[in-house]
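Next come the chains, spelled out residue by residue.
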Amino acid sequence: MSEENKNPENCDNQCDHCSANCGSRKPSKYPLHPRSSVKHVIGIVSGKGGVGKSFVTSTLASAMESLTGNVAVLDADITGPSMAHVFGIKEKMYSDGTLAYPARTAKGMQVVSTNMMLDSDDQPVIWRGPIVAGVIQQFWSEVFWDDVDYMFVDMPPGTSDVPLTVFQSLPLDGIIVVTSPQDLVTMVVDKAINMAKMMNIPVLGLVDNMSYVECDKCGNKMEVFGPSHAEEITSKFSIPLLARIPLRTGYAQAGDEGRIEKLDVPEMKEVAALLKEKFDGKAA
């Protein structure tokens, strides 16, 4: 937009090529390194902690890996990283002096997480917001992402520095919001969805985690955390309900033991197929 074309009504939204300092100016996305390639970037968010966002990220990534074979996970939960642990990754990141390299899971997924930079897993990350934001940008632009079809970004809960950095810096195709049945969770999920809408980030849908327990003898479904509010949320915001995931024996243990890739989560297979159809234009 030229100097004489500063009227927001005439804005073409091409901020990178515009010298005007107007109120509608959008921040530039951080570029990938020329050697890297990432086709689709999907953020996994939640309004608050404890709803299983990292479980959804890791199992959805594993399901997508089975479909495409070229999946990556960027662990943007810088101060509370979990992706290296749940995938059983022990090795640290290394650099050739120009780029850092992600670790590979047993299935071949590329993963970057803060714990892969620390001397020990229990070493705390005591960094202020600007440093955390800088690390996320480095994870995106200074890591060699090798021919990635789908990257899933595991974000910390809330609407503060890290989600803001991801929304502004990474070329998100959209976000998936994770919730659980409690009333308090529903309230803060509204905040996360509203934040995404304010920043023009597409909300791809909602995953209701820990939605119920199904008796393995009679098949009766018990809503141990109370009735689900997923339908209310999806109706309110006109977004799809992608899945209701029940509590199942062995899920937590698989993550604790670094075996998350071996889990069979049928709901995540369905979500992965929906995403592939949406972005690749064909069903799995």
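The structure we're discussing is the one just above.
Keep in mind that this is a model prediction, so the values were computed, not measured. (Residues numbered from 1 in each chain as written. Predicted model: local features only at pLDDT ≥ 70, side-chain atom pairs only at ≥ 80, totals over all residues. Heavy atoms only, no water.)

**Structural notes on the overall build of the protein**
Within the protein one finds eight helices and twelve strands. Buried residues in the protein amount to 50% of all 284 residues. Intrachain contacts of the protein at a sequence separation of at least 6 include 75% that bridge at least 24 residues. Accessible area for the protein stands at about 13,700 Å²; split by element, carbon and sulfur atoms hold 50% of it. (Helix = DSSP H or I, 4+ residues; strand = E, 2+ residues; numbered from the N terminus. Buried < 20%, exposed > 50% of the residue type's maximum accessible area, 1.4 Å probe, protein only. Contact = heavy atoms within 4.5 Å. Areas by Shrake-Rupley, 256 points an atom, 1.4 Å probe, with all protein chains shown as cover.)

**A closer look at the packing of helix 3 (residues 129–141) against helix 4 (residues 161–169)**
Angle between the axes and distance between the axes are the two parameters that describe a pair of packed helices. At a closest axis distance of 10 Å, the pairing of helix 3 and helix 4 adopts a crossing angle of 40°. Pair helix 3 / helix 4 crosses with right-handed handedness. The segment helix 3 lies against helix 4, with Gly 129, Val 132, Ala 133, Ile 136 and Gln 137 engaging Asp 161, Val 162, Thr 165, Val 166 and Ser 169. (Axes fitted to C-alpha atoms, helices over the stretch in contact; angles between N-to-C directions. Left-handed = near helix turned anticlockwise from the far one by under 90°.)

**Looking at the side chain of Ser 169**
Mapped onto the elements, Ser 169 comes out in helix 4. Separated by 3.3 Å, the side chains of Ser 169 and Gln 137 make a polar contact. Discounting residues that sit within four places of it in the chain, Ser 169 has contacts with Lys 29, Tyr 30 and Gln 137. (Polar contact = N/O pair within 3.5 Å; in protein donor to acceptor, adjacent residues only side chain to side chain.)

**Looking at a nonpolar patch on the surface**
Residues Met 222, Val 224, Phe 225 and Leu 247 make up a contiguous nonpolar surface patch of about 320 Å² in total accessible area. Relative to the helices and strands, Phe 225 is located in the loop between strand 11 (221–222) and helix 6 (230–237). (Patch = residues over 30% accessible without salt bridge, like charges linked within 9 Å, V, L, I, M, F, W, Y side chains within 5 Å. Salt bridge = Lys/Arg side-chain N within 4 Å of Asp/Glu carboxyl O.)

**Considerations on the packing of aromatic side chains**
Note on aromatic pairs: each is described by the distance of the centres and the angle between the planes. Going through the model one piece at a time under the given rule, you end up with four aromatic pairs. Judged by centre distance (5.7 Å) and plane angle (65°), the rings of Tyr 101 and Phe 144 are edge-to-face. Of this pair, Tyr 101 sits in strand 4 (residues 100–101) while Phe 144 sits in the loop between helix 3 and strand 7 (148–154), placing them 43 residues apart in sequence. On the accessibility criterion, Phe 144 (16% relative accessible area) is buried. Members of the aromatic cluster, each reached through a chain of ring pairs, are Tyr 94, Tyr 101 and Phe 144. The ring of Phe 144 carries the charged tip of Arg 35 above its face, separated from the ring centre by 4.9 Å. Above the face of the Phe 279 ring, Lys 278 is positioned so that its terminal group lies 5.8 Å from the ring centre. (Phe/Tyr/Trp six-rings, centres within 6.5 Å; stacked < 30°, edge-to-face > 60°. Lys NZ or Arg CZ within 6 Å of the ring centre and 35° of its normal.)

**Overview of the pairing of strand 2 (residues 71–75)**
Among the five residues of strand 2, five are classified as buried, and the element is accordingly described as predominantly covered. Here strand 2 shows no split at all, with Val 71, Val 73 and Asp 75 on one side and Ala 72 and Leu 74 on the other all buried. Judged from the five bridges that link them, strand 2 and strand 7 form a sheet pairing that is parallel. Along strand 7, the bridge assignment pairs Val 73 with Phe 152. Bridge analysis of strand 2 against strand 6 (residues 110–112) gives three bridges, and the strand direction is parallel. (Pairing = 2+ DSSP bridges.)

**Thoughts on helix 8 (residues 266–280)**
One turn of an α-helix holds 3.6 residues; hence residues three or four places apart share an orientation. Here helix 8 contains 15 residues, and its C-alpha end-to-end distance of 21 Å stays within 8% of the 21 Å for a straight helix at 1.5 Å per residue. Buried within helix 8 are the following residues: Glu 267, Met 268, Val 271, Ala 272, Leu 275 and Lys 276. On its buried side, helix 8 packs onto strand 1 (38–46), helix 1 (53–68), strand 7, strand 8 (174–179), strand 9 (203–208) and strand 12 (241–244). Of the residues trailing helix 8, Gly 281 is marked for its positive phi of about 75°. (Expected span 1.5 Å × (residues − 1).)

**A look at the environment of Ser 180**
For Ser 180, the position within the fold is in the loop between strand 8 and helix 5 (183–198). Separated by 31 residues in sequence, Ser 180 and Ser 211 place their C-alpha atoms 6.2 Å apart.

**Notes on the nonpolar core**
Generally speaking, a soluble globular protein has its nonpolar side chains buried in company with each other. Formed by 78 residues in total, the largest nonpolar core has its most connected members in Met 151, Phe 152, Ile 175, Ile 176 and Met 268. It is helix 1 that contributes the most residues to this core, six residues altogether. Beyond its immediate stretch of four places on either side in the chain, Ile 175 contacts Gly 43, Val 45, Met 155, Phe 167, Ala 196, Ile 201, Pro 202, Val 203, Leu 204 and Gly 205. (Core = buried A, V, L, I, M, F, W, Y, C linked by side-chain atoms within 4.5 Å.)

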